[in-house]
Amino acid sequence: MTPLKQSLELGLSLCRTCGLVVSREALRIDPRCPRCQSRIEQRTPFSIETTLAWLIAGIVFYIPANLLPVMHTSGLLGEQDSTILGGILEFWRSGDWDIALLIFIASVAVPFTKFIAIGLLLFTVRKNSRWQQHQRTVLYRIVEFIGYWSMLDVIVVALTSALMQFQVLGTAEPRAGIAFFCAVVVVTMLSALSFDPRLIWDRPA
Amino acid sequence: MSVGSPVNPILICRDCDTVYRAIPLRRGDVALCRRCDAVLARHFGANVESGLALVCAAAIFFAIANLTPILSIDIAGMETKANIWFAVRSLQQGWISVAALGLAFTTFVIPAVQIALLFWVLLFARIGHRPPGFGPIMKLLHHLRPWSMTEVFLLGALVAIVKLANWVPIAAGAGIWAIAALTIVLALLGRCDPASWWLIAPADKT
């Protein structure tokens, strides 16, 4: 089998937007993709810095997302503010362990996995580590795939607030925590999208 | 009109930058990167007709999902209903509205734009023309892809049912089936190799 080569060694570049392979010779004249007109870069510029910036924003937003209530309910049983963790505990206590687990995965486990995984990827890429390159690439793909499932809680709160509009029996309203949670999802997705996985495989020059 | 399989004579892995010489793929074949197992290319089984049929199905399901209730509660004649748009509106409260904006884009605006643009592109491909704005449209579709969250909405609706069923008589409406069908159709459309979509329209003659 022929040894595997990276595009740099063969004078080629990949357009990450449309998938066209372009010779670097042609890019020297015009740095844009001849098919889709996107700018072609050998590596995403400032990938590490951008990913880190969005990651930090995500961690910062995650704090009020958990401390502030996401929903306010009032009705015959009195008034109540509930947080994400409080909601999970309530399901757990009332015996709905499956729903508790689902919300726990989407709202707690997924964001945490993203923070740790992106942090690990950034740290190892900065150190030009050759450790577990294949596994780290798979980790990147997992982060990309699980990203948007955290939107689950935002949707549940929105639907509950839309439905629970009975003056006497009970009403539900969204609270600030849910906006922060929505921000966490968007910002961590931007973080994962800014990361260029090819950095995992690059050798220090 | 079917499209031939080899997309580029040369393939480059998106995830690790390894270069490969492409070989023709047969039905059901997926080319994986030897170094990092990323998908390099899939056999492009979709043709313009089936793509157009899927897009039309998606448009119909999207319309049903937004015109019929997804969930409803009926307590002694008092009824509340919810669909995507009601959910978005319920988040419109002061500055929390940024969450409403996020929800509106990911579950309503972006899926609608995706369906409309794919319909536009495939309709022109069907009559053998390159649609106006083909390049920018394909670029936009590529960038919108990660932000389309119909399947998350479906799961959210199911969680809401279980959550509220403990204290109120909640029922699923026709909309929830439409959302489920829409999820499947969008997944089928999305499974096609994005690089191959560039080949569905004949090259620019100008």
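The model shown is predicted, which means the values in this text are computed figures rather than measured ones. Each chain carries its own residue numbering, running from 1 in the direction its sequence is written. Ligands are numbered from 1 and chains lettered from A, in the order in which they are written. Owing to the predicted nature of the model, reporting of local features is limited to residues with pLDDT of at least 70; listing and counting of side-chain atom pairs is limited to 80 or more, with chain, interface and lining totals taken over all residues.

**Considering the overall build of chain B**
Step number 1: Helix numbers and strand numbers start at the N terminus; a helix is a DSSP run of H or I with at least 4 residues, a strand a run of E with at least 2. When helices and strands are tallied, chain B shows seven helices and seven strands.
Step number 2: If you list the helices and strands of chain B from N to C, you get β-β-β-β-α-β-β-α-α-α-α-β-α-α.
Step number 3: In chain B, buried positions account for 36% of the 206 residues.
Step number 4: The contact rule is simple: place each C-beta atom from the backbone, and if two of them lie within 7 Å, those residues are in contact. The contacts in chain B between residues at least 6 apart in sequence include a share of 61% that link residues at least 24 apart. Put simply, a residue is buried when 20 or more other C-beta atoms lie within 10 Å of its own C-beta and exposed when 12 or fewer do; between those, it is partly exposed, and each C-beta is set from the backbone.

**Re the overall build of chain A**
Step number 1: When helices and strands are counted, chain A shows seven helices and seven strands.
Step number 2: When the helices and strands of chain A are listed from N to C terminus, the series reads β-β-β-α-α-β-β-α-α-α-α-β-β-α.
Step number 3: This radius of gyration counts C-alpha atoms alone. The globule rule is 2.2 Å times how many residues there are, raised to the power 0.38. Here the C-alpha atoms of chain A give a radius of gyration of 22 Å, more than 25% beyond the 17 Å that 2.2 N^0.38 yields for 205 residues.
Step number 4: Along the longest, intermediate and shortest principal axes, the C-alpha atoms of chain A span 75 × 35 × 30 Å.
Step number 5: Across chain A, contacts joining residues at least 24 apart in sequence account for 64% of those joining residues at least 6 apart.

**Side note on helix α6 (residues 174-190) of chain B**
Step number 1: Under the convention used throughout, the expected extent of a helix is 1.5 Å for every residue step, that is, one less than its residue count. Here α6(B) is 17 residues long and its end C-alpha atoms lie 24 Å apart, about the 24 Å a rise of 1.5 Å per residue gives.
Step number 2: Turning to α6(B), its buried residues number three or more, namely Gly175(B), Ile176(B), Ala178(B), Ile179(B), Leu182(B), Thr183(B), Val185(B), Leu186(B) and Leu189(B).

**A word on the interface of chain A and chain B**
Put simply, an interface is often sized by how much accessible area is lost when its parts join up.
Step number 1: With 52 residues of chain A at the contact, the number on the chain B side is 51 residues.
Step number 2: Only β1 (5-6), β2 (12-14), α4 (97-126), α5 (133-146), α6 (152-163), β6 (165-166), β7 (170-174) and α7 (176-194) of chain A provide two or more residues apiece to the side of chain A that touches chain B.
Step number 3: Charged residues are taken to be Asp, Glu, Lys and Arg, nonpolar residues to be Ala, Val, Leu, Ile, Met, Phe, Trp, Tyr, Cys and Pro, and polar residues to be all remaining types, Gly included. In terms of residue class, the side of chain A that touches chain B is made up of 34 nonpolar, twelve polar and six charged.
Step number 4: Strand pairing is assigned whenever DSSP detects at least two bridges linking the two strands. Sheet topology places β1(A) next to strand β2 (residues 18-21) of chain B; two bridges connect them, and they run antiparallel. Within β2(B), the residue paired with Gln6(A) across the bridge is Thr18(B).

**Digging into the environment of Ala181(B)**
Residues and elements named next belong to chain B.
Step number 1: Inspection of the secondary structure puts Ala 181 in helix α6.
Step number 2: On the basis of neighbour count, Ala 181 is assigned to the partly exposed category, with 18 C-beta atoms found within 10 Å.
Step number 3: For the pair Ala 181 and Ala 65, spaced 116 residues apart in sequence, the C-alpha to C-alpha distance is 9.6 Å.

**Here we look at the sheet that holds strand β1 (residues 10-12) of chain B**
Strands pair in a sheet through their backbones, by hydrogen bonds, and they do so in one of two ways: parallel or antiparallel.
Step number 1: Here we have three strands laid out as an open sheet, ordered β1(A)-β2(B)-β1(B), and antiparallel in their pairing. In the strand order of this sheet, the two ends are held by β1 of chain A together with β1 of chain B, each with one partner.

**A word on the domain arrangement of chain B**
Step number 1: Each domain's extent was defined by an automatic or database domain assignment. What the domain assignment reports for chain B is domain 1 (1-45) and domain 2 (47-197).
Step number 2: Averaged C-alpha coordinates put domain 1 of chain B and domain 2 of chain B at centres separated by 30 Å.

**Description of unusual backbone geometry**
Step number 1: Positive phi is not limited to glycine here, since Gln37(A) has a value of about 65°.
Step number 2: Tracing the sequence through the fold places Gln37(A) in the loop between α1 (24-29) and α2 (47-67).
Step number 3: Classification of Gln37(A) by C-beta neighbours within 10 Å gives partly exposed; the count is 14.
Step number 4: The backbone of Asp17(B) sits at a positive phi, close to 70°, despite the residue not being glycine.
Step number 5: Following the sequence through the fold, Asp17(B) ends up in the loop between β1 and β2.

**Looking at the nonpolar core**
Step number 1: In this structure, Val154(A), Ile155(A), Ala158(A), Leu159(A), Phe181(A), Ala58(B) and Ala87(B) are the most contacted members of the largest nonpolar core, which totals 107 residues.
Step number 2: Top element by residues in this core is α7(A). It accounts for eleven residues.
Step number 3: In this view, Ala87(B) contacts Ile155(A), Ala158(A), Leu159(A), Ala162(A), Ala82(B) and Leu103(B); residues no more than four positions away in its chain are not counted. Each nonpolar core comprises buried Ala, Val, Leu, Ile, Met, Phe, Trp, Tyr and Cys residues, the members being joined through C-beta atoms within 7 Å.

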